[in-house]
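Here's the letter readout for the chains.
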Amino acid sequence: MEYTYDDDLEELCPVCGDKVSGYHYGLLTCESCKGFFKRTVQNNKRYTCAENQECKIDKTQRKRCPFCRFQKCLNVGMRLEGNNNNNNNNNSS
DNA sequence: TTAGCCTTGAAC
DNA sequence: GTTCAAGGCTAA
């Protein structure tokens, strides 16, 4: 058995770093990001970053910066509707 | 407002 | 008929 989950594990959200529950919106994300992304996009939520929109999204700061969290969601390639955002991510099956 | 769990629908 | 994903609802 190899315990290589020390640096980065494939079973972690590329957004917040929580444990993924499965494929959501085209990416492996956690239930939190799923509900957050849905609530944000489906309700046309509008957040504002108090800094430079470059906050580091972690499991502790993700709740502090919903704007940067949502930004990262799109940055990793999440899409709710037929929104096709051109973004290339390194993901090989 | 965020996270989690449950239910329903679609695809295979 | 079964499996996976998305959506909805509830709880903290």
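Note that the coordinates shown come from a computational prediction; the quantities given were computed from them, not determined experimentally. (Residues numbered from 1 in each chain as written. Chains lettered and ligands numbered in written order. Predicted model: local features only at pLDDT ≥ 70, side-chain atom pairs only at ≥ 80, totals over all residues. Heavy atoms only, no water.)

Q: Looking at this model, I keep getting lost on the protein's contact with DNA strand C. Mind explaining?
A: Every residue lining DNA strand C is accounted for by Y23, H24, Y25, G26, K34, K38, Q42 and L80. Each atom of DNA strand C within 4 Å of the protein was classed as base or backbone; sugar and phosphate made up 58%. The side chain of Y25 places a nitrogen or oxygen atom 2.5 Å from a phosphate oxygen of DNA strand C. The separation between a base nitrogen of DNA strand C and a polar side-chain atom of K38 is 2.4 Å. Broken down by secondary-structure element, the contributors of at least two residues to the surface near DNA strand C are β1 (22-24) and α1 (31-42). (Near = heavy atom within 4 Å. Polar contact = N/O pair within 3.5 Å; in protein donor to acceptor, adjacent residues only side chain to side chain. Helix = DSSP H or I, 4+ residues; strand = E, 2+ residues; numbered from the N terminus.)

Q: Would you take a moment to explain the side chain of T40 for this structure?
A: Within the element layout of this structure, T40 appears in helix α1. Classification of T40 by relative accessible area gives buried; the value is 2%. With sequence-adjacent residues up to four places away left out, T40 is seen in contact with K45, Y47 and F70. (Buried < 20%, exposed > 50% of the residue type's maximum accessible area, 1.4 Å probe, protein only. Contact = heavy atoms within 4.5 Å.)

Q: How do you make sense of α1 when you look at a structure like this?
A: Every α-helix winds through 3.6 residues per turn, so residues three or four apart in the chain are directed the same way. Taking 1.5 Å of rise per residue, the 12 residues of α1 would be expected to cover 16 Å, and the 16 Å separating its terminal C-alpha atoms lies within 8% of that figure. Buried residues of α1: C33, F36, F37, T40 and V41, and no others. Along the axis of α1, the buried residues cluster in a sector spanning 115°; they form a single face. Exposed and oriented more than 90 degrees from the buried face of α1 are R39 and Q42. Packed against the buried residues of α1 are β2 (27-29) and α2 (66-76). Downstream of α1 by a residue or two, N44 has a phi angle that is positive, lying close to 55°. (Expected span 1.5 Å × (residues − 1). Arc of directions from axis to C-beta.)

Q: Any chance you could explain α2 here in plain terms?
A: Those residues of α2 that fall on the buried side of the exposure criterion are C68, R69, F70, C73 and V76. On its buried side, α2 packs onto β2 and α1. G77 sits one or two residues past α2 and shows a positive phi near 115°.

Q: So what exactly am I meant to see when it comes to the confidence of the model for chain A here?
A: Detailed reading of the predicted coordinates is not advisable wherever pLDDT is low. Mean pLDDT over chain A works out to 80, with 77% of the residues at or above the 70 mark. Within the model, the stretch residues 2-6 combines pLDDT values under 50 with 0 contacts to residues more than four positions away or in other chains. In the model, residues 84-93 has pLDDT below 50 throughout and makes 3 contacts with residues more than four positions away in sequence or in other chains. (pLDDT = per-residue confidence, 0-100.)

Q: Where do I start with the packing of aromatic side chains in this structure?
A: Given two aromatic rings, one states the distance between the centres and the angle between the planes to describe the pair. Enumeration over the complete set of coordinates arrives at 3 aromatic pairs. A centroid spacing of 5.8 Å and a plane angle of 20° characterise the contact between F36 and Y47, whose relative ring orientation is stacked. Separated by 11 residues along the polypeptide, F36 in helix α1 and Y47 in the loop between α1 and α2 bring together distant segments of the chain. On the basis of relative accessibility, which here comes to 12%, the residue F36 falls in the buried class. Ring plane angle 35° and centroid distance 5.5 Å describe the contact between F37 and F70, whose orientation is recorded as tilted. Here the residue F37 occupies a position in helix α1, and F70 occupies one in helix α2, the gap between them amounting to 33 residues. The exposure class of F37 is buried, given its relative accessible area of 1%. Here the aromatic cluster, defined as three or more aromatic residues joined through ring pairs, consists of Y25, F37 and F70. Above the face of the F36 ring, R69 is positioned so that its terminal group lies 4.0 Å from the ring centre. (Phe/Tyr/Trp six-rings, centres within 6.5 Å; stacked < 30°, edge-to-face > 60°. Lys NZ or Arg CZ within 6 Å of the ring centre and 35° of its normal.)

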